[in-house]
Amino acid sequence: TCFNPALTKKGGLNLDESPIEIGLDATITSMVTEHHRDTIPSKNNSHRFLLTPADAPIDCFTRQYYPVYRARFEALRDRVEENAKKFIDPSLSVRRLEDLADEEMALVIGTIEKRIDSRPSVLKEIAEEEQKIQEADDNAPAASILFVKKDYMEFEDETQIVKLCGNIELTDVTTGSVVGLYGKVVNENYFEVQQWVWPSQVKQNELPDERPPYTMAFISGLNLSGKATATKTRAALELLIRWISGCGTEEKETEKALRIVRLFICGSSISAPDLVAEMKEMATSITREDPFVDQDALNTVDELISQLVKSIEVDLLPGLGDPSLSMLPQQPFPRCAFMKGGSSKYLRMHTNPSDINIGGIDFLVSSGQNVSDISSSPVEAVTLILKTQHYAPTCPDTVDGFPFEDRDPLVMDRCFPHIVVAGNQSRAESKRVEFEDGRSCLVVGVPSFSETHSITLLDLDTLEVSQKHFGFE
Amino acid sequence: MSQTGKRASTAAESEAAAKRRKDDEEPKKSAYESQLEKLAESASESNSTVTDESNWERPPFDQDLGTKRPVAMQVLDVETYVDSGKGYDRTNVKLYGITKEGVSVCCIVTDYFPYFYFQTAQRNLNNLLAGAIRRIGSGGQHMSTEVTDNLVHLKIVQGRNLYYYRGTEAKQMFIKVSGTQPTLNKAKQVGTLFEANIDADVKFMAHTGVVGCGWVEVPIKKGHVVPPRSATSRCQIEVTCNYKDLIVHSLDGEWVDIAPLRTLSFDIECLGRRGVFPDPTHDSVIQISNMVKLQGQSEPFIRNCFVLGTCAGVVGSHIIECKTEQELLEKWAAFVRTVDPDILTGYNILNFDLPYILDRAKILRLPIVSMLGRQKDRASGVRDASLSSKQMGSRVNKSIDIHGRVIFDVLQVVLRDYKLRSYTLNSVAYHFLSEQKEDVEHSTIPDLQNGDDQSRRRLAIYCMKDSTLPLRLLDKLMSIVNYVEMARVTGVPLNFLLTRGQQIKILSMMIRRCRKEGFFLPVIEVNAGDDSSYEGATVIDPLRGFYNEPIATLDFASLYPSIMIAHNLCYTTLMKGPQGEEGTDYIRTPAGNFFCTKERRRGLLPLILEDLLAARKKAKNDLKKEKDEFKKMVYNGRQLALKVSANSVYGFTGATVGKLPCLEISSSVTAFGRQMIDLTKKTVEETYKRGYMDGKCPSDAVVVYGDTDSVMVKFGVKTVAEAMEIGQHAATEVSKQFVAPIRLEFEKVYYPYLLINKKRYAGLYFTRPDKHDKMDCKGLETVRRDNCPLVANVLGTCLEKLLVDRNADGAMTYAKKVIADLLCNKIDISLLIISKELTKSSDKYHAKQAHVELAARMKKRDPGSAPRLGDRVPYVIVAAAKNVPAYEKAEDPGYNDIPIDTHHYLTNQLAKPLARIFEPILGDRAEKILIEGDHTRTRQLKTSKVGGLAMFTKKTTKCLGCKSVMKADEQEEAVCAYCRPKVAEVHLNRVTTLNATSRRFGRLWTECQNCAKTMHEKVNCSARDCPIFYRREKVRGEMREAFSAVMRFGQPTLDD
């Protein structure tokens, strides 16, 4: 049996009372009983997400971002053409905007650029800051009607840029998507879209009929911040550890917990700084402070991992706020980052995103920056990502990305995933979505643990998704 | 539906458009948005391609115009010229304008003769006249009387001198001299002259009632259409008309509208040599980009670029390849003549682009290139024109006459109307549009030009951006509409508003009114050395302090105009001494001058001012009632113009080097103003004693400050609502003391209010009791250019903490922290950049100046990227040895890793402005606390990594944890053996720094990619003016350092 002095009071913890020191300390570890847990085979296919010495020579930050877009365009152009022939007209050939006569119907391929007024902008922030104490000016221009800032879309092929109109909506696409447009140039610098296509989708492996009778667990967004971590979150974590290691009070629960073969921690284990505030800070950036380092938070995560790996295989993804370069694709943590749990062979270090095959099923797991940047609904966002055939189309525009010189590893070119899991979502959501030619994908949005105190369970056999809540309320 | 919309579609429906018209009729929409769309549609429909020349020409016009239909046009430009021929010389007037349909018209107004008046002491005027005529006759013996009559015509007229009330309304005898302008100039040596010093075109307009940008009409049968072959202008239609037949429309109803003016914005690129400012004698013009837009539309309908050499196409723009520079310039000039723009704009075209093209044309001997105007036989030339104005100081501009077109340089507009830190196109665009433009370095232009057709395409795109931005600025600032309205209100032609000073506007209004009332304006001899001054406005001594309570503000509405109206102050009412009864016949002003009462004679200035104020009231009303967005803009521009004009009348009378100075008026005005402010203070303090208003006044009111036309009162109340109630009450009560229309108004409450000194204060501005409108600051040096941005940022945040958060301690703590950070070298270098314009080369400056010396040094390092004349030189002050003179301490912010002179920034930049805002709270010790407090104890000096001893230091691998030198066998490790147990901690430190840095890297570089508005092309921007330029360059180095440190923890690997 398990015993935790903090839990003796009937009805759980009284959180309003003096803060109860729930450390993830050794007392618990000793209480975890050894249970047998099966393992299943897996293969990590994420090598292309690793930064090679060629990607990151010493002067790699003298680069700009345009090579990434060019590489993306090169990688997807033929696949867009393929789809255009398939869905619009097999006789179409790709034309360049500059060669088009007016009103000539043609297929063009290029990158979408949404020009949105509300896009966060350092420049705008600085301007606002500078004008904060500008003297009141009677001649200041009133609202001019000729000067309307409306959101619109632009499209860039190899050499030219046009504005878009016609049969394409701002919500249909994201900045950075590579698409094919069929239509004509009108009004000189507008391209009127009649039909448009995504790149063709990579092939999907057969989903095995016989699937392992196990469960996988996903957790994300612990958002630990050392001493400032909410007591509730700490308590919920305690419960989680106890439950997952088979210390359930009921046998049924223990059994359920022991069916879990892998636990994925999908990023933001450490609380990330407020991005909006940070943007503003960067704009005013009066001082170059040494950034605040939260050693406590890291220790807590380390402790958590070291406990978990005693009873379950843990897969760790870096996310926003974690000690890994925040540019996508995020690199695996070095093992030395975690003194206690880092050396365990039951801990796997992953890239973010991570392309991994577990028990014959192709997973794409991410810590979610790429997803939440597109929509608050993970299902909607992932659906768009899969259509785009790019794991993070808005990277590097609004999601930080590494300045690659000659490749864009985030282009989806290996296989179409069976399951996409995105961490740190504003809500739990899951749905099976159908795609071209019978492809289908289960999209799973994993909410932040710090907000919901729950983890997401995925039954590999039935592909059912459920939430397990840990809390006292 | 707006008038403009109708116009555009009518234009579109003209013949050419009709031909192209597609089967599908456009759906009828009424909403404003579809209106704009429709405008764009109709424009594009009539010219379905901008990628060729088919839409350059103005749409053809109705052939009945001038014969069966009257020609009604909006007057854009006016010029007088001597027409020699047909037996005798005449001075004719040409009016250039545009009809509602967008047809360009040149109207030659005939039979008008310029004139002036003179007065002589001679009694028998008739004899005098006869003698004069005889003398003229003997000069030209063989001329007919008709000719002599027209050359110089003398006539006796009745009128009154504008100056002085002489106790009677009786008119006096004047001699009117009229004739052609050249003969008039010769005739000016007689007697006391009146109106001989006023421009002929201004007088013509006053005489006929034509106003700048107003509508005139040539009725059918009265006008005569000149056949195209014998036309003198390049306008679509030329008509002649006797000046008496010209109909002038008042600016109401359908004549409120603005014609669909064609605005051409252009920009040139020159092939400069390294480090030298382009010189037309050597450097050729390689590109000229053009954008042509119709007034009322939001997008240009012609977008093109003339390029030298081959150039890849740009979708949506017309690229015109030229083999030689000669071809380029000639094609461009032909383009201008074909497009026939009404307004030429761009950024600094007046002083750079246009003169450059014209000079280049002279050097290459291409006379046709200078034929840019609407006069067939007149080339455009450049000369220097100096303009001195009280408001702007004196400056020398180029003066270019492009007959019939208005040069509307956006730089000139911004210089006149806005006070900014910097006037480069980039920073102006940033200020008003929150946008930057990609700025190519001068030195890269030859590379791009000498590259291939793709690199020239890139250049063409930059060039076209530079001609697009001025149009966007004009739209955003509503400059064209506002200037059109100013021209209408004051009556002067549009181009006067940018080329002339303030006075001409008032003079134009004066002369119109004088003509109506029979007054003549004497020619006043101006003594340049005479700068007699008078006492200005009063400033009540401020009771300095930080008021954490509501302070009500009482303002006199239109103070000076209403004083002049109330007391009947005018040239025509001024008296040389008292006459009759004081009070009934005359008043004595507090300045000791005498003016007659309005019962004796109503002054002209008061009449003009009353009209202006009434017109403004009407314009504001019309603005409120108007639904049409375009007309709203017009009414708004009108009310602004009326306000500005009313307020400048006073200044006109006080301008000693002006046309009609009258210090008796201006000194009386200010004297009344001072008296009123003092009276207000006295009344408020005496009336609003404790317990007044049924106990609503909790304590005696105190006037804490007052300036010119406002007083700030502390009523001692606790809430904004109470302050508003009492303030309102006081405004009404005190107003009763003054003669109408002088009125005290209650406008706003400051709460809290930081009163620093005379003309310097800040406060939260309330016009409603619940929420403040804004933070209002006066006189704080935030826009001063020799301040670095840090000053403005710190002041802004401190004021915000002080006023909005009401946290004085927080503000002080913040200020101290910034100072501590500054001394520890933690301030971002981009906030320390100071910039000054390089106006002349270094040998022409008397004393050595920091930015000039720096520019010279930069030129030695790299002549290509060094600042050139006219550029702003950004620099930081660096630490140097004690005896190094100040001018050697400036350095290029991008130059290596330079040690900042933090002390200089503290004492010369931050200390004074900060001390000033803290003085009301801390007293005189504020500055001492700020620059000598405990927070200044820790200092960190950065040593330069270049030069000096730096070159002897050897690079060794150090432990990332303790910075000790690593042993030989540890070279590949991140930390030394001692630090190994805490390697996770060291890693976390490093990676946290890396993440903060990478976030900056990502945000800054994607911002630039976004600003360049391309994703597939490299950002080639070198805009040193841009606030993120140095940040973005610097973050690369920081990133390299942070990244390589983290990589020492091991190349990332994957687990299966």
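Rules used in this analysis
Residues numbered from 1 in each chain as written. Chains lettered and ligands numbered in written order. Predicted model: local features only at pLDDT ≥ 70, side-chain atom pairs only at ≥ 80, totals over all residues. Heavy atoms only, no water. Helix = DSSP H or I, 4+ residues; strand = E, 2+ residues; numbered from the N terminus. Buried < 20%, exposed > 50% of the residue type's maximum accessible area, 1.4 Å probe, protein only. Contact = heavy atoms within 4.5 Å. Areas by Shrake-Rupley, 256 points an atom, 1.4 Å probe, with all protein chains shown as cover. Salt bridge = Lys/Arg side-chain N within 4 Å of Asp/Glu carboxyl O. Pairing = 2+ DSSP bridges. Axes fitted to C-alpha atoms, helices over the stretch in contact; angles between N-to-C directions. Phe/Tyr/Trp six-rings, centres within 6.5 Å; stacked < 30°, edge-to-face > 60°. Domains from an automatic or database assignment. Buried area = accessible area lost by both parts, 1.4 Å probe. pLDDT = per-residue confidence, 0-100. Disulfide = S-S within 2.5 Å. Core = buried A, V, L, I, M, F, W, Y, C linked by side-chain atoms within 4.5 Å. Parallel < 35°, antiparallel > 145°, perpendicular 65-115°, else oblique.

Looking at an unreviewed UniProt entry, one finds chain B named DNA polymerase and attributed to Pristionchus pacificus.

### Focus: the overall build of chain A
Each helix and strand in chain A was counted, giving 10 helices and 17 strands. Taking all 473 residues of chain A together, 59% fall into the buried category. Long-range contacts, defined here as pairs at least 24 residues apart, represent 75% of the contacts in chain A between residues at least 6 apart. Surface summary for chain A: the accessible area is close to 18,600 Å², and the carbon and sulfur share equals 49%.

### Some details on the overall build of chain B
The helix and strand inventory of chain B stands at 29 helices and 34 strands. Counting the 1056 residues in chain B, one finds 57% classified as buried. Summed over all atoms, the accessible surface of chain B reaches about 44,500 Å², with 50% contributed by carbon and sulfur.

### Structural notes on the pattern of salt bridges
Scanning the entire structure with this criterion turns up 74 salt bridges over all chains. Of the charged contacts in the structure, one is a salt bridge between Arg95(A) and Glu104(A), with a shortest N-O distance of 2.7 Å. Its relative accessible area of 29% is what places Arg95(A) among the partly exposed residues. We note a salt bridge from Arg488(B) to Glu485(B), for which the minimum N-O separation is 2.9 Å.

### A closer look at the environment of Phe204(B)
All names here are of chain B. Within the element layout of this structure, Phe-204 appears in helix H7 (residues 200-208). Since its relative accessible area comes to 0%, Phe-204 is described here as buried. Sequence separation between Phe-204 and Thr-80 is 124 residues, and the spatial gap between their C-alpha atoms is 8.9 Å. With residues near it in sequence (within four places) discarded, Phe-204 still touches Val-78, Val-93, Leu-95, Val-109, Tyr-112 and Tyr-243.

### Remarks on the sheet that holds strand E14 (residues 429-434) of chain A
Where strands meet in a sheet, backbone hydrogen bonds hold them as pairs that are either parallel or antiparallel. Residue and element names in this part refer to chain A. If you walk across this open sheet you meet the 6 strands as E1-E11-E12-E13-E15-E14, and the pairing is mixed. Here the strands that pair on one side only, and so sit at the sheet edges, are strand E1 (42-44) and E14. Taking each pair of neighbouring strands and ignoring which way they run, the sheet shows an average axis angle of 20°. As paired strands, strand E12 (residues 361-366) and strand E13 (residues 419-425) are joined by 4 bridges and run parallel to one another. Counted as the bridge partner of Ser-366 is Ala-422 from E13. Sheet contacts for helix H9 (residues 378-388): E13, E14 and strand E15 (440-447); angle to E14, the most-contacted strand, approximately 35°.

### Quick look at the pairing of strand E4 (residues 115-119) of chain B
Residues and elements named next belong to chain B. With 5 of 5 residues buried, E4 lies mostly within the body of the structure. Across the two faces of E4 the burial is the same, with Tyr-115, Tyr-117 and Gln-119 and Phe-116 and Phe-118 all buried. Taken together, the 4 bridges between E4 and strand E6 (residues 172-179) define a ladder with antiparallel strand orientation. Residue pairing in the sheet places Tyr-115 in a bridge with Ser-178 of E6. Bridge analysis of E4 against strand E7 (residues 192-194) gives 3 bridges, and the strand direction is antiparallel.

### Comments concerning the packing of aromatic side chains
Throughout the structure, instances matching the rule amount to 42 aromatic pairs over all chains. On the basis of an interplanar angle of 80° and a centroid distance of 5.3 Å, the ring pair of Phe61(A) and Phe1001(B) is categorised as edge-to-face. Separated into two different chains, Phe61(A) in the loop between E1 and helix H2 (66-87) and Phe1001(B) in helix H28 (residues 983-1011) make up a pair that spans both. For Phe1001(B), a relative accessible area of 0% translates into the label buried. The structure contains a cluster of three or more aromatic residues connected by ring pairs, namely Phe61(A), Tyr65(A), Phe402(A), Phe404(A), Phe1001(B) and Phe1043(B).

### Focus on the domain arrangement of chain B
Residue and element names in this part refer to chain B. Partitioning chain B into structural domains gives domain 1 (63-133 + 148-258), domain 2 (262-477), domain 3 (524-545 + 552-777), domain 4 (780-936) and domain 5 (956-1048). One C-alpha centre belongs to domain 2, the other to domain 5, and the line joining them spans 42 Å. Contact with domain 2, which involves 14 residues of that partner, is made by 14 residues of domain 5. Counting the surface lost from both domain 2 and domain 5, the interface buries some 1,100 Å², and carbon and sulfur atoms represent 46% of this. Contact with domain 5 buries area across many residues of domain 2, yet Gln-436, Glu-438 and Arg-458 alone supply 44% of it, more than any other trio.

### Considering the confidence of the model for chain B
Residue and element names in this part refer to chain B. Averaged over all residues, the pLDDT of chain B is 83; the fraction at 70 or higher stands at 88%. Low confidence marks residues 1-48, where pLDDT is under 50. Its contacts with residues over four positions away, or in another chain, come to 66 contacts. Scored below 50 in pLDDT, residues 946-950 shows 3 contacts in the model against residues more than four places distant or in partner chains. Overall fold confidence for the complex sits at a pTM of 0.83, while the interface term, ipTM, reaches 0.89.

### Quick notes on unusual backbone geometry
The phi torsion of most residues other than glycine is negative, and most of the peptide bonds are trans. Cis geometry marks the peptide bond from Asn352(A) to Pro353(A), where omega comes out at 0°. Its place among the elements puts Pro353(A) in the loop between strand E10 (347-349) and strand E11 (354-358). Residue Pro396(A) follows Cys395(A) across a cis peptide bond; omega there is 5°. Along the polypeptide, Pro396(A) turns up in the loop between H9 and E13. Even without being glycine, Asn568(B) reaches a positive phi, approximately 60°. Note on Asn568(B): relative accessible area 2%, which makes it buried.

### Details of the pairing of E14(A)
Residues and elements named next belong to chain A. Two elements, E14 and E15, share 6 bridges in a ladder whose sense is antiparallel. Each residue of the ladder has a partner; that of Val-433, found in E15, is Cys-441. Taking the residues that link successive antiparallel strands as the turn, the E14-E15 hairpin has 5 residues, and the phi of Asp-437 there is positive, at about 50°.

### Here's the deal with the state of the cysteines
Residues and elements named next belong to chain B. Within the structure shown, the criterion is met by 0 disulfides over all chains. Cysteine Cys-106 remains unbridged, with the sulfur of Cys-235 as its closest cysteine sulfur at 5.1 Å. With no disulfide of its own, Cys-788 lies closest to Cys-798 among cysteine sulfurs, the gap being 14 Å. Using a relative accessible area of 1% as the deciding quantity, one classes Cys-788 as buried.

### Quick notes on the environment of Leu832(B)
All names here are of chain B. Along the chain, the position of Leu-832 falls in the loop between helix H24 (808-823) and strand E32 (834-837). C-alpha separation for the pair Leu-832 and Pro-981, spaced 149 residues apart in sequence, amounts to 41 Å. Ignoring anything within four residues of it in the chain, the contact list for Leu-832 reads Cys-788, Leu-790, Leu-822, Ile-827, Tyr-875, Val-876, Ile-900 and Tyr-905.

### So, the nonpolar core
Counting residues in hydrophobic clusters, the biggest one holds 206 residues, and the most contacted among them are Tyr571(B) and Leu914(B). Grouped together as the second largest cluster of nonpolar side chains are 43 residues, Val292(B), Leu328(B), Phe335(B) and Val336(B) included.

### Things to note about helix H11 (residues 425-433) of chain B
By the criterion of burial, H11(B) is predominantly enclosed, with 8 of the 9 residues buried. Just downstream of H11(B) lies Ser434(B), where phi reads positive at about 50°.

### Looking at the packing of helix H16 (residues 503-517) of chain B against helix H19 (residues 629-654) of chain B
Residues and elements named next belong to chain B. Close contact between H16 and H19 brings their axes to 9 Å; oriented N to C, the two are set at 95°. Judged by the inter-axis angle, H16 sits roughly perpendicular to H19. Touching Gln-503, Ile-506, Leu-507, Met-509 and Met-510 of H16 are Ser-645, Ser-648, Val-649 and Phe-652, all from H19.

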